[in-house]
Amino acid sequence: MSRLEEAAIKALVPQLEAEGFEIFLHPSKSMLPPTLGDYRPDAIAVRPDRKIAIEVIADGYRQTAAGLKEVTLQRLQDSLKGHPDWELRVIYAPALSPESSIPTYSRQTIEEHLARIDGTLEAMGTEAALLSAWAVFEAAARAVAPHLLQRPRPGITEALAREGYVTPDEADILRGLSRVRSEVAHGRLDLTPTRDQVRDLIRITRGMLDGGEGTDHQSPQTSPAG
């Protein structure tokens, strides 16, 4: 299982635990119905009256599910038919979408997502929290500076710093966080973000939202007078 797939499962942990489930990544053979043979789902969620086998299809692999995982999923589904207390749940970790198709969200929606990440940081784990917080950070950037997302740019951090949406110190922090986020998302197994790093990203995102309200930042598409 990739780091991204694991992060996708961890993002579901608070909801499943609230429903009374205990979650196990990489379950052992003894925890599974014998009809599964040697096959292992990515994770399971267990409570006395109900059990869920969890399979993840991550990032760019949704389209290949028909070829690579469909047979596996069908076999898993068939193997669970004789066990009414078991069910199969498939999670699709979001694929990267073209920026033109990503909507702009309200400040209230962005704040709600930041509060949810902040409030469930311990349960989510820092890997999932950082990936989620970076997505909210980019949503906030799109909300306060939409012109920066409508053209090629050297990097979202550089564009925001150049126009004063983040301070030089915040830009340095974001550059480091961007490297960590990228490495975690692409399978760096020995790298675990810290809680402080996640909270720094949440803090900077909130500051960017506050600074974006009522502040006249110069768009590069507008020529200065004179």
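Residues numbered from 1 in each chain as written. Predicted model: local features only at pLDDT ≥ 70, side-chain atom pairs only at ≥ 80, totals over all residues. Heavy atoms only, no water.

## Regarding the packing of aromatic side chains
Using the following cut-off: Within 6.5 Å between ring centres, the rings of Phe, Tyr and Trp (the latter by its six-membered ring) count as paired, and their orientation is classed by plane angle as stacked under 30 degrees, edge-to-face over 60, tilted in between. Strands are runs of DSSP state E lasting at least two residues, helices are runs of H or I lasting at least four, and both sets are numbered from the N terminus onward. Only protein chains enter the area calculation, which uses a 1.4 Å probe; residues under 20% of their type maximum are buried, those over 50% are exposed, and those in between are partly exposed.
Here the structure, examined in full by the defined rule, presents one aromatic pair. Here the aromatic rings of Trp134 and Phe137 are separated by 4.9 Å at their centres, their planes lie at 55 degrees, and the arrangement is tilted. Placement of the pair is Trp134 and Phe137 together in helix H5 (residues 126–144), with a separation of three residues, close to one helical turn. Residue Trp134 is classed as buried on the basis of its relative accessible area of 4%.

## Some remarks on the environment of Asp172
Which entries qualify depends on this criterion: Two N or O atoms form a polar contact when they lie within 3.5 Å of each other; inside protein one atom must be a possible hydrogen donor and the other a possible acceptor, and for residues adjacent in sequence the pair counts only when both atoms belong to side chains.
Structurally, Asp172 can be placed in helix H7 (residues 168–185). In this structure, the C-alpha to C-alpha distance between Asp172 and Glu158, residues 14 residues apart in sequence, is 9.7 Å. Of note is the side chain of Asp172, whose polar atom sits 2.6 Å from the side chain of Arg175.

## Description of the pairing of strand S2 (residues 43–47)
Heads up, the condition is: A pair of strands is treated as paired once DSSP finds two or more bridges between them.
In terms of residue burial, S2 counts as a mostly covered element, since four of its five residues are buried. Bridge analysis of strand S1 (residues 22–25) against S2 gives four bridges, and the strand direction is antiparallel. In the sheet register, Glu22 faces S2, and the bridge partner there is Val46.

## Observations regarding the side chain of Glu55
Inspection of the secondary structure puts Glu55 in strand S3 (residues 50–57). Polar contacts involving the side chain of Glu55 include one to the main-chain amide nitrogen of Asp42, which spans 3.3 Å.

## Some words on the environment of Val46
Basically, it comes down to this: We call two residues in contact when some of their heavy atoms are within 4.5 Å.
On the secondary structure map, Val46 appears in strand S2. Exposure remark for Val46: the relative accessible area of 22% places this residue in the partly exposed category. A sequence separation of 24 residues divides Val46 from Glu22, and the C-alpha atoms of the two residues are 5.2 Å apart. Sequence-distant contacts of Val46, defined by excluding residues within four places in its chain, comprise Gly20, Phe21, Glu22, Phe24 and Lys51.

## Section: unusual backbone geometry
For residues other than glycine, phi is negative in most cases, and the peptide bonds are mostly trans. Positive phi outside glycine occurs at His26, with the angle close to 50 degrees. Tracing the backbone shows His26 in the loop between S1 and S2.

## Considering helix H3 (residues 107–119)
To keep things clear, this is the line we draw: By definition here, a helix of n residues has an expected span of 1.5 Å times n minus one. Directions from the helix axis toward the C-beta atoms define the arc.
Taking 1.5 Å of rise per residue, the 13 residues of H3 would be expected to cover 18 Å, and the 18 Å separating its terminal C-alpha atoms lies within 8% of that figure. All buried positions along H3 are accounted for by Ile110, Leu114 and Ile117. In a view along the axis of H3, the buried residues occupy a sector of 65 degrees, so they form one face of it. Of the exposed residues in H3, the ones pointing more than 90 degrees away from its buried face are Gln108 and Gly119.

## Considering the confidence of the model for the protein chain
Heads up, the condition is: pLDDT expresses how confident the predictor is about each individual residue, on a scale running from 0 to 100.
Chain-level statistics for the protein chain give a pLDDT mean of 78 and a share of 76% at 70 or above. Taken together, the stretch residues 96–100 has pLDDT below 50 and engages in five contacts with residues farther than four places along the chain or on a different chain. Here residues 214–226 is a poorly scored stretch, pLDDT under 50, and it has twelve contacts once near neighbours within four places are set aside; other chains count.

## Concerning the packing of H5 against H7
Note the threshold: In this description, a line fitted to the C-alpha atoms serves as the axis of each element, helices being fitted only across the stretch in contact, and the angle between N-to-C directions of two axes falls anywhere from 0 to 180 degrees. Here the angle decides the label: under 35 degrees means roughly parallel, over 145 means roughly antiparallel, 65 to 115 means roughly perpendicular, and every other value means oblique. Crossings are classed by handedness, with left-handed meaning an anticlockwise turn of the near helix from the far one by less than a right angle and right-handed meaning a clockwise turn. We call Asp, Glu, Lys and Arg charged. Ala, Val, Leu, Ile, Met, Phe, Trp, Tyr, Cys and Pro are nonpolar, and the rest, Gly among them, are polar.
Look at H5 against H7: their axes get within 10 Å of each other, and the N-to-C directions meet at 120 degrees. Put simply, H5 runs oblique to H7. In this structure, H5 meets H7 at a crossing whose hand is left-handed. Residues Glu127, Leu130, Leu131, Trp134 and Phe137 of H5 form the contact with H7, whose own contacting residues are Leu174, Leu177, Ser178, Val180, Arg181, Val184 and Ala185. Split by residue class, the contact of H5 with H7 holds nine nonpolar, one polar and two charged.

## A short note on H7
Look at H7: 26 Å from first C-alpha to last across 18 residues, which is about the 26 Å you get at 1.5 Å a residue. All of the buried residues in H7 are Glu170, Ala171, Leu174, Leu177, Val180, Val184 and Ala185. Backbone geometry just downstream of H7 places Gly187 in the positive-phi region, at approximately 100 degrees.

## Overview of the nonpolar core
To keep it simple, the criterion reads: For the purposes of this section, nonpolar cores are sets of buried Ala, Val, Leu, Ile, Met, Phe, Trp, Tyr and Cys residues that join through side-chain atoms within 4.5 Å.
Among the nonpolar cores identified, the biggest contains 36 residues, and Phe137, Leu160, Leu201 and Met208 are the most heavily contacted of them. Residue assignment for this core shows that the elements contributing at least two residues are H3, helix H4 (121–124), H5, helix H6 (156–162), H7 and helix H8 (195–212). Judged by nonpolar contacts, the second largest core, of twelve residues, contains Ile9, Val13, Ile23 and Ala45.

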